[in-house]
Amino acid sequence: MGKFPIFFLLLALAALAAALFGAAHNQLSYSVGPTYFTEFKFDQFQITEGTPNRLGASIVGVQASWWMGPIIGLPAFLYGLFAVPKARTYLAAGLGAIFLVVLLTTFGALTGLVGGLVADNTGLLDPYLTFRDGPTRSDFLRAGFMHDASYLGGALGLIAAFFPMRRARKIDHHNAHQEAPHAAT
C-alpha cells in the first residue's frame, strides 16, 4: 500500500480511536458524575429520553470526540507523509502516534479526575467557578474536570505525535545509508 492510502487510513483510525476513547472515557466520568450527563450533556447532545444512561454517555463520548482524532493527527500525519520515506515505517509511526495521543489523553482525563476530586473536597476553586443549573456541584467538578483535562491531554498529544514520525524518518534514512554501500558492490 502506498503512503497516500496510509495517510487516509491513519486519519480513519485516529477517528475510530478517538470515538472509542470518548465512549470509554464517558463510562468513567458517568460513574463519578452522573448528573453531569443526565442534567447537562444529554440535553446538549440531544440524547432521546428513554435511552439507557450508560449508552447515552457512550453516545455523547463518541459524538464529542471522534472528530478530535483526525484533527490532532493531521499535522503529524502530513509531516510523516512527506518526511518518512517508506510506507511501512510511516504506517508504524502513525499507529505509534495514535497510541501516544490516546495515552496522553487518558493521563489528562485521570489528572482531571484527581483535580475534580480535590476541587470538590476542598472548595478551593468555588469562588472562581460558576456552576450550571442541573448537575450537582460534585458531579460537575468531577466529570467536567475530566472532560476539560482530556482535551488538554489531546493538545499535548498533537505535539507528541510528531515524535514517532521523526523517529521513523531517522530510521528510514539510517537504513538507506546502511543499504547504499551494499548496493554499490
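The present account deals with the structure reproduced in this document. (Residues numbered from 1 in each chain as written. Predicted model: local features only at pLDDT ≥ 70, side-chain atom pairs only at ≥ 80, totals over all residues. Heavy atoms only, no water.)

Observations regarding the packing of helix α4 (residues 68-83) against helix α6 (residues 137-160)
Logical step 1: Contact geometry for α4 and α6: axes closest at 8 Å, N-to-C directions at 25°. The orientation of α4 relative to α6 falls into the category roughly parallel. Across the interface between the two elements, Met 68, Ile 71, Ile 72 and Pro 75 from α4 touch Tyr 151, Gly 154, Gly 157 and Leu 158 from α6. (Axes fitted to C-alpha atoms, helices over the stretch in contact; angles between N-to-C directions. Helix = DSSP H or I, 4+ residues; strand = E, 2+ residues; numbered from the N terminus. Parallel < 35°, antiparallel > 145°, perpendicular 65-115°, else oblique. Contact = heavy atoms within 4.5 Å.)

Some thoughts on a nonpolar patch on the surface
Logical step 1: Residues Phe 4, Phe 8, Leu 74, Leu 78 and Phe 82 make up a contiguous nonpolar surface patch of about 550 Å² in total accessible area.
Logical step 2: Listed by contribution, the elements that provide at least two residues to the nonpolar patch are α1 (3-32) and α4.
Logical step 3: Among the elements that take part in the nonpolar patch, α4 stands out by supplying 3 residues, more than any other.
Logical step 4: Tracing the sequence through the fold places Phe 82 in helix α4.
Logical step 5: A relative accessible area of 65% places Phe 82 in the exposed class. (Patch = residues over 30% accessible without salt bridge, like charges linked within 9 Å, V, L, I, M, F, W, Y side chains within 5 Å. Areas by Shrake-Rupley, 256 points an atom, 1.4 Å probe, with all protein chains shown as cover. Salt bridge = Lys/Arg side-chain N within 4 Å of Asp/Glu carboxyl O. Buried < 20%, exposed > 50% of the residue type's maximum accessible area, 1.4 Å probe, protein only.)

Digging into the nonpolar core
Logical step 1: Within the largest apolar cluster, 21 residues are counted, with the highest numbers of intra-cluster contacts made by Phe 7, Leu 10, Phe 77, Tyr 90, Ile 98 and Met 165.
Logical step 2: Elements represented by at least two residues in this core include exactly α1, α4, α5 (87-122) and α7 (162-184).
Logical step 3: For Phe 77, the residues in contact, after removing those within four places along its chain, are Phe 7, Leu 10, Leu 11, Ala 14, Tyr 90, Gly 94, Ala 97, Ile 98 and Met 165.
Logical step 4: The next biggest cluster of nonpolar side chains, apart from the first, holds 10 residues, and it includes Ile 47, Ala 57, Phe 140 and Ala 143. (Core = buried A, V, L, I, M, F, W, Y, C linked by side-chain atoms within 4.5 Å.)

Considering the packing of aromatic side chains
Logical step 1: With the rule as written, the count across this model stands at 8 aromatic pairs.
Logical step 2: Ring centres of Tyr 36 and Phe 37 lie 5.7 Å apart, and the angle between their planes is 85°; this geometry places the pair in the edge-to-face category.
Logical step 3: Take Tyr 36: its relative accessible area is 5%, and that puts it in the buried class.
Logical step 4: Here the aromatic residues Tyr 30, Tyr 36, Phe 37, Phe 40, Phe 42, Phe 131 and Phe 140 are joined through ring pairs into a cluster of three or more.
Logical step 5: Over the face of the ring belonging to Tyr 90 we find Lys 3, whose NZ or CZ atom lies 6.0 Å from the ring centre. (Phe/Tyr/Trp six-rings, centres within 6.5 Å; stacked < 30°, edge-to-face > 60°. Lys NZ or Arg CZ within 6 Å of the ring centre and 35° of its normal.)

Here we look at the pattern of salt bridges
Logical step 1: Applying the stated criterion across every chain yields a total of 3 salt bridges.
Logical step 2: Between Asp 120 and Arg 137 there is a salt bridge; the shortest N-O distance is 2.7 Å. Remark: Arg 137 occurs in helix α6 and Asp 120 occurs in helix α5; sequence separation between them is 17 residues.
Logical step 3: Residue classification places Arg 137 among the partly exposed positions, given a relative accessible area of 27%.
Logical step 4: Across the salt bridge formed by Arg 142 and Asp 120, the nearest N and O atoms sit 2.9 Å from each other. With Arg 142 in helix α6 and Asp 120 in helix α5, the pair connects residues that are 22 residues apart, well separated along the chain.
Logical step 5: The class for Asp 120 is buried, based on a relative accessible area of 10%.
Logical step 6: Here the residues in one salt-bridge network are Asp 120, Asp 126, Arg 137 and Arg 142, joined through shared partners.

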